[in-house]
Amino acid sequence: MVTEQAIEIGALKTEMVQAIRFFHQQGWAPATSSNYSFRLPGQSDFFVSQSGVDKGQFQSQHFMLVDASGKAIDDPRKPSAETLLHCAIYDLLPDVHCILHTHTVNNTVLSQSLAGPLTLAGYEILKGFAGIGTHDVNIAIPIFPNSQDMSTLSQEIIDYFKQAASAPYAFLLAGHGMYTWGNSIADAKRHVEVMEFLMHCEVLKRTMR
Ligand SMILES: [Zn+2]
């Protein structure tokens, strides 16, 4: 018998696959890069993309269940190499149910060229972030140095969030990509689109100077 929860998980996987295919078509998730996760309300286990799958070919079966420490649950496959970063974000932000990570030309170039955080201010599209109702805001997107050591990197992110006055809407890894999230898949996908639009604006502004 198919349970109600299994039907809900199936629908969420389908929604995620549609978002991932869209990101791939935009050139925001080339080849096997980028990773994605979601979790059900009230659960610490989460579904994360399997390591090494081309995002143009990504399907529902490429999601795998891991526990809050990123360990696969009854699954011999390898979760994304960056699963520990998802663990850190879910632990820090209990209302978050979806985390999306893209590798785009704009987020790679900007994160590598800025000395400090990316500041976004005065843009109408900032209203696309959950909780923002005006262009008249100034938000900071932190940039962390890239690393292949996920436990050190996740600790750095945890330390940043713990001292920040409020959680950022996203963060960048220098020369690598962007992480953003939301209370739902739709919110997180919208945040990816808002961030990519804004980073494109920021790159253009710098080249027009
Ligand atoms: Zn990555």
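Our structure's up above, just so we're on the same page.
Conventions used here
In every chain, residue numbers begin from 1 and rise along the written sequence. Reporting in this predicted model follows two pLDDT cut-offs: at least 70 for local features of residues, and 80 or more for side-chain atom pairs to be given and counted; totals over whole chains, interfaces and linings ignore these cut-offs and use all residues. Excluded from the side-chain calculation are hydrogens and water; included are all heavy atoms of the structure. Classification of residues uses two cut-offs on accessible area relative to the type maximum, computed with a 1.4 Å probe and protein chains only: under 20% is buried, over 50% is exposed, and between them is partly exposed. A run of H or I in DSSP counts as a helix once it spans at least four residues, and a run of E counts as a strand once it spans at least two, with each numbered from the N terminus. Here the arc refers to the set of directions running from the helix axis out to each C-beta atom. Residue contacts are counted whenever heavy atoms from the two residues lie within 4.5 Å of one another. DSSP-based pairing: two strands are paired if at least 2 bridges between them are found. Lines fitted to the C-alpha atoms define the axes, with helices restricted to the stretch that makes contact. Angles between their N-to-C directions range from 0 to 180 degrees. Only nitrogen, oxygen and sulfur atoms within 2.8 Å of the metal, or 3.2 Å for Na, K and Ca, are treated as donors, and water is left out, so sites may look incomplete. Each label reflects the angles at the metal, where four donors whose angles all fall between 85 and 135 degrees are tetrahedral, four or six donors whose opposite pairs open beyond 155 degrees and whose other angles stay between 65 and 115 are square planar or octahedral respectively, and the rest are irregular. Salt bridges are defined as contacts in which a side-chain nitrogen from Lys or Arg sits within 4 Å of a carboxyl oxygen from Asp or Glu. Residues adjacent in sequence count toward polar contacts only when both atoms are side-chain atoms; beyond that, a polar contact is any pair of N or O atoms within 3.5 Å, and within protein one must be able to donate a hydrogen and the other to accept it.

### What to know about helix H3 (residues 105–113)
Thinking step 1. All of the buried residues along H3 are Asn 106, Asn 107, Leu 110 and Ser 111. Down the axis, H3 shows its buried residues gathered within 115° of arc, on one side only. Away from its buried face, by an angle of more than 90 degrees, H3 presents the exposed residues Val 105, Gln 112 and Ser 113.
Thinking step 2. Buried residues along H3 sit in contact with strand E4 (98–102), strand E5 (118–121), strand E7 (143–144), strand E8 (170–173), strand E9 (177–182) and helix H5 (185–208).

### Here's the deal with the sheet that holds strand E2 (residues 46–49)
Thinking step 1. With mixed pairing, the seven strands of this open sheet are ordered in space as E3-E2-E1-E4-E9-E8-E7. The open sheet has two free edges, formed respectively by strand E3 (63–66) and E7, since each of these has just one partner strand.
Thinking step 2. In terms of strand pairing, E4 meets E9 through five bridges, oriented antiparallel. The residue of E9 that forms the bridge with Ile 99 is Trp 181.
Thinking step 3. Packing against the sheet, helix H1 (residues 4–26) makes contact with strand E1 (35–38), E2, E3 and E4, and its axis sits at approximately 155° to E1.

### A few points about the coordination of the zinc ion
Thinking step 1. The coordination sphere of the zinc ion contains the protein donors Glu 82 (OE), His 101 (NE2), His 103 (NE2) and His 176 (NE2), at a distance range of 2.1 to 2.4 Å.
Thinking step 2. Between the four donor atoms coordinating the zinc ion, the angles at the centre fall across 88 to 150°, so the site counts as irregular.
Thinking step 3. Of the residues examined, Glu 82 reaches a relative accessible area of 10% and is grouped as buried.

### Re the environment of Pro 117
Thinking step 1. With respect to the helices and strands, Pro 117 occurs in the loop between H3 and E5.
Thinking step 2. Taking C-alpha positions, Pro 117 is 6.0 Å from Ala 140, a pair spaced 23 residues apart along the chain.

### Quick notes on the pattern of salt bridges
Thinking step 1. Taken as a whole and assessed by the stated rule, the structure comprises six salt bridges.
Thinking step 2. The salt bridge involving Glu 193 is made with Lys 189; its shortest N-O contact spans 3.1 Å. Here Glu 193 and its partner Lys 189 are both found in helix H5, four residues apart, which amounts to about one turn of the helix.
Thinking step 3. Classification of Lys 189 by relative accessible area gives partly exposed; the value is 24%.
Thinking step 4. Between Glu 202 and Arg 206 there is a salt bridge whose closest N-O contact spans 2.7 Å.

### Notes on the side chain of His 62
Thinking step 1. In this structure, His 62 sits in the loop between E2 and E3.
Thinking step 2. With near-sequence residues (within four places) excluded, His 62 lies in contact with Val 48, Ser 49, Gln 50, Val 53, Gln 57 and Arg 77.

### Some points on the environment of Thr 102
Thinking step 1. One can find Thr 102 in strand E4.
Thinking step 2. On the basis of relative accessible area, Thr 102 is assigned to the buried category, the value being 0%.
Thinking step 3. Between the C-alpha atoms of Thr 102 and Ile 20, which are 82 residues apart in sequence, the distance is 9.4 Å.
Thinking step 4. In this structure Thr 102 touches Phe 23, Trp 28, Ser 34, Tyr 36, Asn 107, Gly 177, Met 178, Val 192 and Glu 196, once residues within four positions along its chain are discounted.
Thinking step 5. Among the polar contacts listed, one links the side chain of Thr 102 to the side chain of Asn 107, at a separation of 3.3 Å.

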